[in-house]
Amino acid sequence: MDQYLIQVAYNETNVVGYILWVVKGGYKRCITCELEQLAIDTKYHRQGFASSLIKISLIKFQHLLQTRLQYSTLKIGIVYLTTGCTNYSAQLLYKNTLEVEQKGDKIGHIYGTNEYGEEEIIMVNENLEPIIEKFEEEYRTLKL
Ligand SMILES: CC(C)(COP(=O)(O)OP(=O)(O)OC[C@H]1O[C@@H](n2cnc3c(N)ncnc32)[C@H](O)[C@@H]1OP(=O)(O)O)[C@@H](O)C(=O)NCCC(=O)NCCS
């Protein structure tokens, strides 16, 4: 299954950032996705753009998959991502939004190291359904 979503965030005039989600597998009713890439322009950091982009794009991605796969009860059940072991701001962002936790040790044996010699870690949430429901509720009440 090769499905992905790229969403770009704008303010009134400029591109502020983007996110890329990819389906990695799972059964048709319950899908596993990876948050592949996320970046916000430094000018707009700490204004809630990344949090909102994660929440809104995830709602949209689930809906898109339900429509594309013609399976209205399909859910994104598991989300994982990799990030730098010292990228504490990103780790905090992901914990606070997706409620992911680190699984296992560093994964330099898979991805190697970055220019600072740092390895990546994997963060996972294996029970994402209530999280997406919470995002949908926030969206309905326009808290996003
Ligand atoms: C990580 C990144 C996407 C965060 O984007 P952002 O729009 O600034 O994030 P938000 O404003 O939505 O922050 C949400 C929460 O994440 C955490 N957070 C984000 N940036 C942080 C920082 N620099 N220091 C500490 N906590 C941070 C905080 O808990 C924050 O909530 P708060 O502002 O109420 O304290 C952004 O810093 C970025 O693009 N970094 C470079 C690319 C990158 O590292 N991408 C992730 C690769 S896996």
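Preceding block: the structure.
Residues numbered from 1 in each chain as written. Predicted model: local features only at pLDDT ≥ 70, side-chain atom pairs only at ≥ 80, totals over all residues.

Draft legend 1. Fine view of helix α1 (residues 49-68). Taking 1.5 Å as the rise per residue, α1 with 20 residues should run 28 Å; its terminal C-alpha atoms sit 27 Å apart, in good agreement. For α1, the set of buried residues is A50, L53, I54, K55, S57, L58, F61, Q62 and L65. In this structure, the buried side of α1 is in contact with β1 (4-10), β2 (15-26), β3 (30-40), β4 (75-84), α2 (88-98) and α4 (129-140). Two residues or fewer past α1, Q70 is found with a positive phi of approximately 50 degrees. (Helix = DSSP H or I, 4+ residues; strand = E, 2+ residues; numbered from the N terminus. Expected span 1.5 Å × (residues − 1). Buried ≥ 20, exposed ≤ 12 C-beta atoms within 10 Å, placed from the backbone. Contact = placed C-beta atoms within 7 Å.)

Draft legend 2. Spatial organisation of the site of the ligand. The local shell around the ligand holds 17 residues, among which H45, A50, S51, S89 and L93 are the closest. For the shell around the ligand, the secondary structure elements donating two or more residues are β3, α1 and α2. Here the shell around the ligand takes five residues from α2, the largest share from any one element. Broken down by class, the residue content of the shell around the ligand amounts to eight nonpolar, eight polar and one charged. (Near = placed C-beta within 6 Å. Nonpolar A, V, L, I, M, F, W, Y, C, P; charged D, E, K, R; others polar.)

Draft legend 3. Local environment of the nonpolar core. Counting 24 residues, the largest nonpolar core has C33, I54, F61, I76, V79 and V100 as the members making the most contacts within it. Of all the secondary structure elements, the ones that give two or more residues to this core are β2, β3, α1, β4, α2 and β6 (120-125). Sorting elements by how many residues they give to this core places α1 first, with six residues. Excluding its chain neighbours within four sequence positions, the residues that come into contact with C33 are W21, V22, V23, K24, F61, I76 and V79. (Core = buried A, V, L, I, M, F, W, Y, C linked by C-beta atoms within 7 Å.)

Draft legend 4. Examining the environment of Y10 more closely. Within the element layout of this structure, Y10 appears in strand β1. For Y10, a count of 10 C-beta atoms within 10 Å puts it in the exposed group. Separated by 39 residues in sequence, Y10 and F49 place their C-alpha atoms 9.3 Å apart. Not counting residues up to four positions away in its chain, the partners in contact with Y10 are V15 and V16.

Draft legend 5. Highlighting the packing of α1 against α4. One can describe the packing of α1 onto α4 by two numbers: an axis separation of 9 Å at closest approach and a directional angle of 110 degrees. If you check the angle between α1 and α4, you find them roughly perpendicular. Of α4, the residues touching α1 (which contributes K55, I56, L58, I59 and Q62) are I132, F135, E136, E138 and Y139. Grouping the amino acids of the contact of α1 with α4 by side-chain chemistry returns six nonpolar, one polar and three charged. (Axes fitted to C-alpha atoms, helices over the stretch in contact; angles between N-to-C directions. Parallel < 35°, antiparallel > 145°, perpendicular 65-115°, else oblique.)

Draft legend 6. Looking closely at the pairing of β2. With seven bridges connecting them, β1 and β2 associate as antiparallel partners. Within β2, the residue paired with Y4 across the bridge is V22. In textbook terms, the turn of a hairpin is the stretch between consecutive antiparallel strands, and for β1 and β2 this stretch comprises four residues. Note: β2 against β3, nine bridges, orientation antiparallel. In the strand pairing of β3, G25 is matched with T32. In this structure, the hairpin formed by β2 and β3 is closed by a connection of three residues. (Pairing = 2+ DSSP bridges.)

Draft legend 7. Representation of the environment of I110 in the model. Secondary-structure assignment places I110 in helix α3 (residues 108-111). Note on I110: 10 C-beta atoms within 10 Å, which makes it exposed. In sequence terms I110 and I40 are 70 residues apart; their C-alpha atoms lie 26 Å from each other.

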